Amino acid sequence: MRIIFAIVLLAHALFHLMGVAKAFKPVQLPEFSQNISKPVGILWLLCSLLLFTSFLLFVAKNGSWSSFALGGLLLSQLVIGLSWGDAKYGTIINLILLAATLSDLGNSRFINKTEKETKAVLEKVERSPHLSEANDFHSLPPIVQKWMATSGASKKGNLASASLEQSGKLRTKPNGKWMPFTAQQHTNLKNPSFIWTTRVKPFPPLFLSGRDKFVDGKGEMLIKFLSLFKVVHEKGNDKIDSGSMLRFLGEICWFPTAATEKYINWQEVDATSAEAFLKIDEKQVSGIFRFSEDGKIKSFEAWRYRGSSPDAKKEKWVIDVVGYKSFEGMEIPAVCKVTWKSPNGDFEWLHLEIDQLEYHSLPVASPKI
């Protein structure tokens, strides 16, 4: 797709040289029946130069290509309008190139925004007691202690944050089309918070850019089509906040040392199950972790609002572990599927896999965004 786009962009830049030739008349061009004045011919030349510069920057993977392309395309449409009878079909090419250019500009703004948010989240890391100090480890239910040992968390030390990359597929309704996605996440384990950014491809080359944010006990969901057009933006809602807290709680399976943090309390359910309570200020959620006898997590389940509308009800939300991987000496449930359990039947909506995972001790390492 990049090659096709580059070829079209280069061809469009060269096309505008025909307007220059017509204006200064070094050759006869039957394609142009209208005369083009020399001042307008200079505009055709400037347009060609802008588009050609954009082409070179695009090939070099320089992010500034879209700014030059935008200027060139706007100028292109102006000169096409001045020679409409001969050049009107160039408008079609302009619209195609403009869509890609605006998408890239929108994506750059989206990335810049999330990078700033990520930096703000990770700057809130504060020092807390080492895992082996106080009663952090031995006060846990026996099965959770076994998880700490089995996963390698009991030897890991004091982790401050983590960065990961995911891939997988999701859908929005039970019989809906599965859509592939890739994602990055940065999680603060000392002040529970995360920034998750994703690109979902429902119909390539079309895509959705998404960002889930959880900071200070508050959640926010943002989804944009082509990084430009807002599709979903939800925040300032108790149901969104509760859902984000439950997501953070369920995801400590990837960051086992978080089980000992002061914001999480545990209660034994039975020999292979324990309920975790996450409390932030006056807000609290809980969910049940189920383990194998040797201390490996099998699933996490909680009652979570399905949506944030006034009539949204709580349904059982289940994360099932499909497979394990080891990262930096810790074995985690890296392949998972997520299901809504409702009276109308199960809705398995998400499959994900952790592709890369980095743990950061204090002080926090700079995130790779």
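Refer to the structure printed above.
What you are looking at is a predicted structure, and each value in this text was computed from that prediction instead of being measured.

Draft legend 1. Highlighting the nonpolar core. Ranked by size, the top nonpolar core spans 57 residues in total, and within it Trp147, Ile252, Trp254, Trp266, Leu278, Leu357 and Tyr359 carry the most contacts. Excluding residues within four positions of it along the chain, Leu357 makes contact with Ala162, Ser163, Leu164, Trp254, Phe255, Phe327, Glu328 and Ile332. Within the second largest apolar cluster, 14 residues are counted, among which are Leu9, Cys47, Trp65 and Ala69.

Draft legend 2. Local environment of a nonpolar patch on the surface. On the surface, Leu14, Leu17, Leu45 and Leu49 cluster together into a nonpolar patch covering about 330 Å² of accessible area. The set of elements that each furnish at least two residues to the nonpolar patch consists of helix H1 (2-24) and helix H2 (38-59). Considering the arrangement of structural elements, one finds Leu45 in helix H2. Note on Leu45: relative accessible area 34%, which makes it partly exposed.

Draft legend 3. Geometry of the layout of surface pockets. There is about 1,200 Å³ of room inside the largest pocket. Lining the largest pocket are 47 residues, and of these Asp212, Met221, Ile223, Arg304 and Trp349 sit closest to its centre. When grouped by side-chain class, the residues that make up the lining of the largest pocket number 25 nonpolar, 11 polar and 11 charged. Looking at the second largest pocket, its volume works out to about 840 Å³. Secondary-structure elements contributing two or more residues to the lining of the second largest pocket are H1, helix H5 (90-122), strand S3 (193-203) and strand S4 (206-215). Counting residues per element, the lining of the second largest pocket draws most heavily on H5, at nine residues. Among the residues forming the lining of the second largest pocket, the class breakdown is 16 nonpolar, five polar and five charged.

Draft legend 4. Highlighting unusual backbone geometry. Even without being glycine, Asp216 reaches a positive phi, approximately 55 degrees. Looking at the secondary structure, you find Asp216 in the loop between S4 and strand S5 (218-225). Despite not being glycine, Asp281 shows a phi value in the positive range, around 55 degrees. Structurally, Asp281 is set in the loop between strand S8 (273-280) and strand S9 (283-291). With relative accessibility at 62%, the residue Asp281 sits in the exposed group.

Draft legend 5. How the structure looks around the packing of H1 against H2. It is at 8 Å that the axes of H1 and H2 come closest, and there the two elements cross at 160 degrees. Regarding the angle of H1 to H2, the classification is roughly antiparallel. Our pair here, H1 against H2, has a crossing hand that is left-handed. By residue class, the composition of the contact of H1 with H2 is 18 nonpolar, six polar and two charged.

Draft legend 6. Representation of helix H7 (residues 238-250) within the structure. Taking 1.5 Å of rise per residue, 13 residues should cover 18 Å, and H7 covers 18 Å from first to last C-alpha, within 8% of that figure. The buried fraction of H7 amounts to 12 of the 13 residues, a majority that puts the element mostly inside the structure. The residue sitting at the N-terminus of H7 and contributing the capping side-chain oxygen is Asn237; that oxygen lies 2.7 Å from the backbone nitrogen of Lys239.

Draft legend 7. Here's a closer look at the pairing of strand S10 (residues 297-305). Pairing of S9 with S10 involves four bridges; the strand directions are antiparallel. In the strand pairing of S10, Ile288 is matched with Glu301. From the end of S9 to the start of S10, which pair antiparallel, there are five residues, and Gly295 there has a positive phi angle of about 95 degrees. Where S10 and strand S11 (residues 314-327) come together, seven bridges link them in antiparallel fashion. Looking at the pairing, Glu301 lines up with Val318 of S11.

Draft legend 8. How the structure looks around the environment of Ile223. Within the secondary structure layout, Ile223 lies in strand S5. With 85 residues separating them along the chain, Ile223 and Ser308 place their C-alpha atoms 15 Å apart. For Ile223, the residues in contact, after removing those within four places along its chain, are Leu208, Ser209, Gly210, Phe229, Lys230, Val231 and Val232.

Draft legend 9. Focus on the packing of aromatic side chains. Inspection of every chain in the model, using the stated rule, returns 17 aromatic pairs. Between Trp147 and Trp266, the aromatic rings sit 6.4 Å apart at their centres with planes inclined by 65 degrees, giving edge-to-face as the arrangement. A residue pair is termed long-range when its members are at least 10 positions apart, and Trp147 in helix H6 (residues 142-151) and Trp266 in strand S7 (residues 264-270) qualify at 119 residues. The exposure class assigned to Trp147 is buried, which follows from its relative accessible area of 3%. Given a relative accessible area of 15%, Trp266 falls into the buried group. Joined through ring pairs, the aromatic side chains of Trp147, Trp266, Phe289, Phe291, Phe300 and Trp317 make up one cluster. Lying over the aromatic face of Tyr324, Lys296 brings its terminal NZ or CZ to 4.9 Å of the ring centre. Looking at Arg304, its charged tip hangs above the ring of Trp317, at a distance of 4.5 Å from the centre.

Draft legend 10. Expanded view of the pattern of salt bridges. Applying the stated criterion across every chain, the model contains 17 salt bridges. A salt bridge links Lys325 to Glu353; its shortest N-O distance comes to 2.7 Å. Placement of the pair is Lys325 in strand S11 and Glu353 in strand S13 (residues 345-361), with a sequence separation of 28 residues. For Lys325, a relative accessible area of 24% corresponds to the partly exposed category. Judged by relative accessible area, Glu353 falls into the partly exposed class, the value being 29%. Residues joined in a network through salt bridges with shared partners are Lys113, Glu117, Arg211, Lys213 and Glu220.

How each quantity is defined
Each chain has its residues counted from 1, following the order in which its sequence is written. The model is predicted, so local features are restricted to residues of pLDDT at least 70 and side-chain atom pairs to those at 80 or more, both for listing and for counting; the totals for chains, interfaces and linings are taken over all residues. Here the side-chain values reflect all heavy atoms present in the structure, with hydrogen atoms and water set aside. Take the buried residues of types Ala, Val, Leu, Ile, Met, Phe, Trp, Tyr and Cys, join any two whose side-chain atoms come within 4.5 Å, and each joined set is a nonpolar core. Exposure categories follow from relative accessible area, calculated using a 1.4 Å probe and restricted to protein chains: below 20% of the type maximum is buried, above 50% is exposed, and the middle band is partly exposed. Throughout, a residue-residue contact means that at least one pair of heavy atoms, one from each residue, lies within 4.5 Å. Only residues whose relative accessible area exceeds 30% and that form no salt bridge enter a patch; like-charged residues are grouped when within 9 Å of one another, and nonpolar side chains (Val, Leu, Ile, Met, Phe, Trp, Tyr) when within 5 Å. Residue burial considers only the protein chains on display, and all accessible areas are found by Shrake-Rupley using a 1.4 Å probe. By definition here, a salt bridge exists when the distance from a side-chain nitrogen of Lys or Arg to a carboxyl oxygen of Asp or Glu is within 4 Å. Helix and strand labels come from DSSP, where a helix needs a run of H or I of at least four residues and a strand needs a run of E of at least two; each type is numbered from the N terminus. Think of a 1 Å grid over the protein atoms and nothing else: a 1.4 Å probe that fits but is trapped marks a cavity, an open set flanked by protein within 12 Å on at least five of seven lines marks a pocket, and residues with an atom within 4 Å of a point count as lining. Grid points are joined across faces, edges and corners, and a volume is the space filled by probe spheres set on the points. The classification used treats Ala, Val, Leu, Ile, Met, Phe, Trp, Tyr, Cys and Pro as nonpolar, Asp, Glu, Lys and Arg as charged, and all other residues, Gly among them, as polar. Axis lines are fitted to C-alpha atoms, over the contacting stretch for helices. Their N-to-C directions set the angle, which ranges from 0 to 180 degrees. For classification purposes, angles smaller than 35 degrees are called roughly parallel, those larger than 145 roughly antiparallel, those between 65 and 115 roughly perpendicular, and all remaining angles oblique. Crossing handedness: left-handed means the near helix sits turned counterclockwise from the far one by under a right angle, and right-handed means the same turn made clockwise. Expected helix span is computed as 1.5 Å times (number of residues minus one). Polar contact criterion, stated in full: a pair of N or O atoms within 3.5 Å, where within protein one must be able to donate a hydrogen and the other to accept it, and residues adjacent in sequence count only if both atoms are side-chain atoms. When DSSP finds two or more bridges between a pair of strands, those strands are recorded as paired. Stacked, tilted and edge-to-face are the three classes assigned to paired rings of Phe, Tyr and Trp, where Trp is represented by its six-membered ring and a pair needs centres within 6.5 Å; plane angles under 30 degrees give stacked, over 60 edge-to-face, the rest tilted. Note on criteria: charge over ring means Lys NZ or Arg CZ within 6 Å of the ring centre, with the direction from the centre no more than 35 degrees off the ring normal.

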